[in-house]
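If you want the building blocks of each chain, they are given just below.
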Amino acid sequence: MGQALGIPDSGLLLQRDLVPVVDPNEPLDKLLLNKKFRQSFMAFADSCLAGESVHFYDEVHERCKIPIDDTVRRIYMTRHIIEKYIVAGATMEVNISHRTREEILSTTNLADSDLFNKAINELLQLMKTNLAKDYWSSTFFIKFKEEASMRSNGHDLEQMAGWNFSPRLSSVHGADDPFHQEHLVKGSGCTNHDSDATNQEL
């Protein structure tokens, strides 16, 4: 949706040379600001059939990139998020409190920058409880570290040779591929105990 609205990508190409330093002791909300980590964590959550919270976070994050004065695009994005995640029976309905859901649905200002803040805070708590601990011992985190190492090596080659070398040309992985489709990964090491997992549509 972000691309459809012309929201600039937060550096899929510009940040490809940056090696994310991920510390499991860092707060999850801070780690999720890292696009590469967010993609990896999202893939893990999807494999546990509990990805709606991370997808919601990702789309709200994209909405924040729309300028405050661009109310038309902000409203359009807000409606998309509400229809996809907030309304009862939505395709990826998130598990938030009734009060928070009603506040969002009854708002008269769809361009409000803080509209989804309470929902994000509630879902971060769910993600910390139900997903974060399992993620660090999963194959998704191992793959994330390997790809970070590969990007680091690519950066070194570019600096040494002066070429515009990109590891994505020769070694495209799921988290790097913008056309990557989420697949159900078996044996990923996740424990499916997210209370809102049943809301996930296959």
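Residues numbered from 1 in each chain as written. Predicted model: local features only at pLDDT ≥ 70, side-chain atom pairs only at ≥ 80, totals over all residues. Heavy atoms only, no water.

- The protein carries the name RGS domain-containing protein in an unreviewed UniProt entry, which gives Jatropha curcas as its organism.

1. Topic: the overall build of the protein
Part 1: A tally of regular secondary structure across the protein gives eight helices and zero strands.
Part 2: Counting from the amino terminus, the protein carries its helices and strands in the arrangement α-α-α-α-α-α-α-α.
Part 3: The proportion of buried residues among the 202 residues of the protein is 45%.
Part 4: Accessible surface for the protein amounts to roughly 11100 Å². Of this, 55% is attributable to carbon and sulfur atoms. (Helix = DSSP H or I, 4+ residues; strand = E, 2+ residues; numbered from the N terminus. Buried < 20%, exposed > 50% of the residue type's maximum accessible area, 1.4 Å probe, protein only. Areas by Shrake-Rupley, 256 points an atom, 1.4 Å probe, with all protein chains shown as cover.)

2. Some thoughts on the pattern of salt bridges
Part 1: Taken as a whole and judged by the stated rule, the model has seven salt bridges.
Part 2: Across the salt bridge formed by E59 and K84, the nearest N and O atoms sit 3.1 Å from each other. With a gap of 25 residues between them, E59 in helix α3 (residues 52–63) and K84 in helix α4 (residues 71–86) connect regions that are remote in the sequence.
Part 3: Here E59 falls in the buried class, since its relative accessible area comes to 9%.
Part 4: Residue classification places K84 among the partly exposed residues on the basis of a relative accessible area of 24%.
Part 5: Among the ionic pairs, K65 bridges to E62, the shortest N-O distance being 2.9 Å. (Salt bridge = Lys/Arg side-chain N within 4 Å of Asp/Glu carboxyl O.)

3. A word on unusual backbone geometry
Part 1: With phi around 60°, L49 is a residue other than glycine that occupies positive phi space.
Part 2: The topology assignment puts L49 in the loop between α2 (35–47) and α3.
Part 3: Judged by its relative accessible area of 27%, L49 falls in the partly exposed class.

4. Observations concerning the nonpolar core
Part 1: Counting residues in each nonpolar core, the largest one holds 39 residues, and the members touching the most others are F37, F41, F56, I86, F116, M127 and L131.
Part 2: For this core, the elements supplying multiple residues, two or more each, are α1 (28–31), α2, α3, α4, α6 (117–135) and α7 (139–161).
Part 3: Ranked by residues supplied to this core, first place goes to α6 with eight residues.
Part 4: When sequence neighbours within four positions are dropped, the list of residues in contact with L131 reads F41, F44, A45, C48, A50, V54 and L126. (Core = buried A, V, L, I, M, F, W, Y, C linked by side-chain atoms within 4.5 Å. Contact = heavy atoms within 4.5 Å.)

5. Side note on the packing of helix α5 (residues 98–105) against α6
Part 1: Two elements in contact, α5 and α6, have axes whose closest approach is 9 Å; the angle formed by their N-to-C orientations is 150°. In terms of their interaxial angle, α5 and α6 are classed as roughly antiparallel. As α5 packs across α6, the resulting crossing turns out to be left-handed. Facing T100, E103 and I104 of α5, the residues of α6 in contact are K118, A119 and E122. (Axes fitted to C-alpha atoms, helices over the stretch in contact; angles between N-to-C directions. Parallel < 35°, antiparallel > 145°, perpendicular 65-115°, else oblique. Left-handed = near helix turned anticlockwise from the far one by under 90°.)

6. Considerations on the environment of N130
Part 1: The topology assignment puts N130 in helix α6.
Part 2: Overall, N130 belongs to the buried group, its relative accessible area being 10%.
Part 3: Sequence separation between N130 and A50 is 80 residues; the distance between their C-alpha atoms is 8.9 Å.

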